Amino acid sequence: MKNISLYIITLISICFILPAIFTNSTKTVSANETNETNSKPPEQTQNETANTNQTQENTQNNNQEITIKLLHHQTGEIEEVNLETYLYNVVSAEMPATFEKEALKAQAIVARTYTMYKINNKKHENSDICDDSNCCQAWVSKEERLSRWEESKREENWNKITESVNETKGKIITYQNQPINAFFHSNSGGTTEIPVNVWGGSNYPYLQIVQTSGEEGYTQYASEAEYTHEEILQKLKEKYQDIQIDFTKDEQIQILEHTESGRVKTIKFGNHNISGVEARSIFGLKSNNFEIEKPEGKIKFKVKGYGHGVGMSQTGADSLAKQGQTAEQIITHFYSNVEITTI
Ligand SMILES: [Zn+2]
């Protein structure tokens with residue numbers, strides 16, 4: 001009889017108490033921004049359903065830790081790493097340690113959110129995320145990171161990075177209680193872009209066009225690329241074999257249309273109209289926010305900003321931090337109608 005009672009009590013514990021302990025509690029820290037939202041739901045870009053391979057283990061302060069499976073893309077090795085420790089390597093790879101502490105904290109929250117989003121929307125088999133910045137999110141080993149800093153700055157820089165992660169521990173950005181697809185880029189040129197203008201598909205309600213002051217103070221803000229007419233033809237020919245441009249006629253090369261954010265939507269090159277995003281790729285421009293000048297025998301692109309322009313601008317985050325904004329304020333500036341919650 002005693003054994004049966006014990007059995008029942010144990011069963012009740014397993015059914016009700018344990019799930020309650022392991023259920024993520026979400027706590028709203030801040031939410032503002034009242035921009036108009038797009039009524040379309042966030043697009044699920046991956047087919048895989050949520051399969052969170054989370055391992056909980058008790059640490060000294062009894063916090064539950066999340067372990068993720070990190071794919072090292074060069075070796076193919078899959079390493080199980082603690083989420084918070086992994087973020088030290090990500091933040092130090094993604095943002096200069098010289099940036100303001102609140103900007104680094106914003107980057108830590110964004111990187112944690114991006115990781116949680118990737119766990120729910122897997123790109124790779126048998127792993128949650130990879131260390132290739134062109135695929136998932138940049139990552140650098142501590143040894144490599146330290147070796148790239150001046151010796152006298154190593155300890156200070158590393159401490160600043162780890163503090164930024166530790167002080168935001170467990171914080172992620174959510175929309176309707178789900179981690180957002182937290183896109184970010186280097187410099188918005190003053191104005192961010194909506195995803196549909198970069199990748200097509202659908203928009204996300206939390207990714208709107210926002211203006212940020214102070215972006216022009218960074219080296220990533222302005223750049224130029226100049227090509228001879230021959231080089232312009234050569235580059236276009238790789239994609240468009242039948243390209244023909246009469247450079248004596250001004251209308252043969254002209255911007256036809258801009259996006260809502262002021263970036264180039266369509267540009268005419270002779271007998272082809274191509275998208276600004278494609279022109280960026282063909283001519284190796286830092287963004288598709290550009291103007292054209294035509295000095296003798298050449299075409300010059302005068303470019304503003306660096307990156308696709310969607311989501312948080314890193315230099316914008318630093319600029320806002322310099323203006324006294326907190327990490328939470330920076331995040332709600334770049335992502336509309338979101339909440340910052342603790343996992
Ligand atoms: Zn990847």
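Below you will find a few notes about this structure. Note that the structure is a prediction, hence the values are computed from the model and not measured.

### A look at the overall build of the protein
Phase 1 of the analysis: Assigned secondary structure in the protein consists of 10 helices and 14 strands.
Phase 2 of the analysis: Counting only contacts in the protein whose residues sit at least 6 apart along the sequence, the fraction spanning at least 24 positions is 68%.

### So, the nonpolar core
Phase 1 of the analysis: In this structure, Leu87, Val91, Ala106, Ile109, Ile173, Ile330 and Ile331 are the most contacted members of the largest nonpolar core, which totals 54 residues.
Phase 2 of the analysis: Every element with two or more residues in this core is listed here: β1 (67–71), α2 (83–94), α3 (101–120), β3 (129–130), α5 (154–166), β4 (171–175), α9 (314–322) and α10 (327–334).
Phase 3 of the analysis: Among the elements that make up this core, the one with the highest residue count is α3 (11 residues).
Phase 4 of the analysis: When near neighbours in sequence (up to four residues on either side) are disregarded, isoleucine 109 contacts Thr168, Lys171, Ile172, Ile173, Ala327, Ile331 and Ile340.
Phase 5 of the analysis: Counting 11 residues, the second largest nonpolar core, distinct from the first, contains Leu236, Ile267, Phe269 and Leu285.

### Considering the sheet that holds strand β7 (residues 222–228)
Phase 1 of the analysis: The strand order across the open sheet formed by 3 strands is β7-β12-β11, and the pairing between neighbours is antiparallel. The strands lining the two open edges of the sheet, one partner per strand, are β7 and β11 (290–293). Between one strand and the next, the sheet's axes are offset by a mean angle of 20°, whatever the strand orientation.
Phase 2 of the analysis: Here 7 bridges tie β7 to strand β12 (residues 298–304), and the two strands are oriented antiparallel to one another. Residue tyrosine 227 lies in a different strand from β12, and its bridge partner there is isoleucine 299.
Phase 3 of the analysis: Of the strands in this sheet, β7 and β12 are in contact with helix α7 (residues 229–237), which crosses β7 at around 95°.

### Things to note about the sheet that holds β1
Phase 1 of the analysis: Ordered by their spatial adjacency, 3 strands build an open sheet running β2-β1-β3, and the pairing between neighbours is mixed. Two strands close off the open sheet at either side, each with one partner strand: β2 (78–82) and β3.
Phase 2 of the analysis: Direction of pairing for β1 relative to β3: parallel, over a ladder of 2 bridges. In the sheet register, leucine 70 faces β3, and the bridge partner there is isoleucine 129.
Phase 3 of the analysis: Against the sheet, α2 contacts β1 and β2, and its axis sits at roughly 105° relative to β2.

### Considering the environment of isoleucine 343
Phase 1 of the analysis: Considering the arrangement of structural elements, one finds isoleucine 343 in the segment after β14 (339–342).
Phase 2 of the analysis: A count of 19 C-beta atoms within 10 Å places isoleucine 343 in the partly exposed class.
Phase 3 of the analysis: Sequence spacing of isoleucine 343 and isoleucine 172 is 171 residues, and the spatial spacing of their C-alpha atoms is 7.0 Å.

### Some thoughts on the packing of α2 against α3
Phase 1 of the analysis: Viewed as axis vectors pointing N to C, α2 and α3 meet at an angle of 120°, and their least axial separation amounts to 9 Å. For the element pair α2 / α3, the angle class is oblique. Once α2 is placed against α3, the crossing between them reads as right-handed. Residue-level contacts link Leu83, Leu87, Val90, Val91 and Glu94 of α2 to Leu104, Gln107, Ala108, Ala111, Arg112 and Thr115 of α3.
Phase 2 of the analysis: Split by residue class, the contact of α2 with α3 holds 7 nonpolar, 2 polar and 2 charged.

Reading guide: rules and limits
- Residues numbered from 1 in each chain as written.
- Predicted model: local features only at pLDDT ≥ 70, side-chain atom pairs only at ≥ 80, totals over all residues.
- Helix = DSSP H or I, 4+ residues; strand = E, 2+ residues; numbered from the N terminus.
- Contact = placed C-beta atoms within 7 Å.
- Core = buried A, V, L, I, M, F, W, Y, C linked by C-beta atoms within 7 Å.
- Buried ≥ 20, exposed ≤ 12 C-beta atoms within 10 Å, placed from the backbone.
- Pairing = 2+ DSSP bridges.
- Axes fitted to C-alpha atoms, helices over the stretch in contact; angles between N-to-C directions.
- Parallel < 35°, antiparallel > 145°, perpendicular 65-115°, else oblique.
- Left-handed = near helix turned anticlockwise from the far one by under 90°.
- Nonpolar A, V, L, I, M, F, W, Y, C, P; charged D, E, K, R; others polar.

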